[in-house]
Amino acid sequence: MSLHKITFLTGHNWKSNRLGGFHKFAEAACNAGIEVVFFSFPRPYYSYFMHQELYNKKSIQALQEGITYEVGKSRLHNVTLATMKMPNSANRIFSDGMMNALERFSFTSFKAFAKKWLDGTDVFVFESCDGMIFIDRLKKMYPSAKMVYRPSDPLMYDGALSRYVKNETHMMKTADLNIIVNKEGLDLYRRKIPDFDSTVRHTLLSNGVDIESYEKSYPVPELLQKPNTILYVGAWEVEWNLLFEAAERNTDFNYIVVLPNFPSAEIQEKVRTCGNLFYVPGIPPKDVPAWITNCSVVMVPYVTDFYKNRPLGITAKYYQAMAAHKPIVAYCDTPKLAEAGAVVTYTYDDFISAVEKAIGQKECTYQFDLSDRRWENITAKFLELCENA
């Protein structure tokens, strides 16, 4: 393989309680002997004063110094550049151009940052995150490098800020290749970008799943030793009012939400007073199979109508539950789940009733082929696409 260095621009940290496809791609690159930079962005200066997993002073300062890991046959550098990015609410005052300019501005020289960490990059791979605002600068600084965009969560969903629509459109038209995750995302881009097929170089490559990890047996995590456990593990927010009502109506069931994002203080306090609803602020990705395989039911209770403007399709969390043959009950997600054999509901009553029915099922089979979604196949194809972009 002719690639020597790949830089990933991603919203993730390398060490995190959330696992994205970029972790798998970066790991595969390291295993192939390729040097990797994991450029975590954005990390605004104002987030020094936050107390969340990704946004806190200690984490950001460590990434500004740079953290190097030995991964596979190579090294991975996790770095960031703190900038003057403003909260999206400031877009009511500042123009899109000013918002982008503030987000690019740092008290650290970008050229010095790039020379230290980015020089020698063969391919820059952008996630659907604010890091795309660097596309023009990087293309100018590294004219021989390839630019690849891999949007797992399209930013130009219906109702999105105009700034994100414009930034993502520019990203897609500038990139040497766009690797789109599913047909739903492709349909969205074709609808949003005029002459998409003639102006945007693109291909499809799905997310993956470590099937074997979800076919093994693991010691039961303490919280899952309770009877009748209904589990959510994810990063998107959940419909808390639905879960409070479900917990109240089915007191013999235990609803468990594993979520690295912190819900409001009010929600957390209400959870603490509820005897059968539990909130866990994230778990290490390596522990996810033990949680999924040891619960009674996998639930995905998204916020009401969330799915309507988000072309997520059948996501990796469903692959995990399918591989583990767990009953699945979703709330407000794609109707395509029903075609695969999962239960998807759109009212509180239907969700609660579906959980009641699912709790007695020991295992389920699904009309969904996971065999071509093994991560080792997906990552090999990804590296091939990067090399030939």
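Fair warning: this is a prediction, and the values are worked out from it, not measured in the lab.

(A) Inspection of the packing of aromatic side chains at higher detail. Using the criterion set out here, one finds 26 aromatic pairs in the structure. Ring geometry for Phe-8 versus Phe-22: centroids 5.4 Å apart, planes at 65°, classification edge-to-face. One end of the pair, Phe-8, is in strand β1 (residues 5-10); the other, Phe-22, is in helix α1 (residues 21-31), with 14 residues separating them in the sequence. Note on Phe-8: relative accessible area 0%, which makes it buried. Owing to a relative accessible area of 0%, Phe-22 belongs among the buried residues under this scheme.

(B) Structural detail: the pattern of salt bridges. On inspection of all chains with the given rule, the structure shows 20 salt bridges. Across the pair Glu-53 and Arg-18 runs a salt bridge, and its minimum N-O distance is 3.1 Å. Separated by 35 residues along the polypeptide, Glu-53 in the loop between β2 (35-40) and α2 (57-65) and Arg-18 in the loop between β1 and α1 bring together distant segments of the chain. Grouping residues by exposure puts Glu-53 and Arg-18 together as buried. Residue Lys-286 is joined to Asp-287 by a salt bridge in which the shortest nitrogen-to-oxygen separation is 3.1 Å. A network of salt bridges, in which partner residues are shared, links Lys-85, Glu-103, Asp-130 and Arg-163.

(C) Up close: a nonpolar patch on the surface. A cluster of nonpolar residues, Ile-93, Phe-94 and Met-98, forms a patch on the protein surface that exposes about 300 Å² of accessible area. Mapped onto the secondary structure, Phe-94 falls in the loop between β4 (74-79) and α3 (96-104). Take Phe-94: its relative accessible area is 31%, and that puts it in the partly exposed class.

(D) Summary view of the environment of Ser-106. Here Ser-106 shows up in the loop between α3 and α4 (110-117). Taking relative accessible area as the criterion, Ser-106 reaches 11% and is therefore assigned buried. Each C-alpha atom of the pair Ser-106 and Ala-28 lies 31 Å from the other, and the pair is 78 residues apart in sequence. Excluding its chain neighbours within four sequence positions, the residues that come into contact with Ser-106 are Tyr-45, Leu-81, Ala-82 and Thr-83. Of note is the side chain of Ser-106, whose polar atom sits 3.0 Å from the backbone nitrogen of Thr-108.

(E) Representation of the nonpolar core. Ranked by internal contacts, the top residues of the largest apolar core, which has 68 residues, are Trp-240, Tyr-255, Leu-277 and Phe-351. Here Phe-351 is in contact with Leu-242, Leu-243, Tyr-255, Met-299, Pro-301, Val-329, Ala-330, Tyr-331 and Thr-345, once residues within four sequence places are set aside. Listed in part, the 35 residues of the second largest apolar core include Leu-9, Phe-124, Leu-138 and Leu-155.

(F) Geometry of unusual backbone geometry. Look at the link from Phe-41 to Pro-42: it is a cis peptide, with omega at 5°. Here Pro-42 is to be found in the loop between β2 and α2. Residue Asn-228 is not a glycine yet carries a positive backbone phi of 50°. With relative accessibility at 27%, the residue Asn-228 sits in the partly exposed group. In the Ramachandran plot, Asp-305 falls in the positive-phi region, its phi being about 65° despite a non-glycine side chain. Within the fold, Asp-305 resides in the loop between β12 (297-301) and α12 (316-323). Residue Asp-305 is classed as partly exposed on the basis of its relative accessible area, which comes to 38%.

Conventions we followed
Residues numbered from 1 in each chain as written. Predicted model: local features only at pLDDT ≥ 70, side-chain atom pairs only at ≥ 80, totals over all residues. Heavy atoms only, no water. Phe/Tyr/Trp six-rings, centres within 6.5 Å; stacked < 30°, edge-to-face > 60°. Helix = DSSP H or I, 4+ residues; strand = E, 2+ residues; numbered from the N terminus. Buried < 20%, exposed > 50% of the residue type's maximum accessible area, 1.4 Å probe, protein only. Salt bridge = Lys/Arg side-chain N within 4 Å of Asp/Glu carboxyl O. Patch = residues over 30% accessible without salt bridge, like charges linked within 9 Å, V, L, I, M, F, W, Y side chains within 5 Å. Areas by Shrake-Rupley, 256 points an atom, 1.4 Å probe, with all protein chains shown as cover. Contact = heavy atoms within 4.5 Å. Polar contact = N/O pair within 3.5 Å; in protein donor to acceptor, adjacent residues only side chain to side chain. Core = buried A, V, L, I, M, F, W, Y, C linked by side-chain atoms within 4.5 Å.

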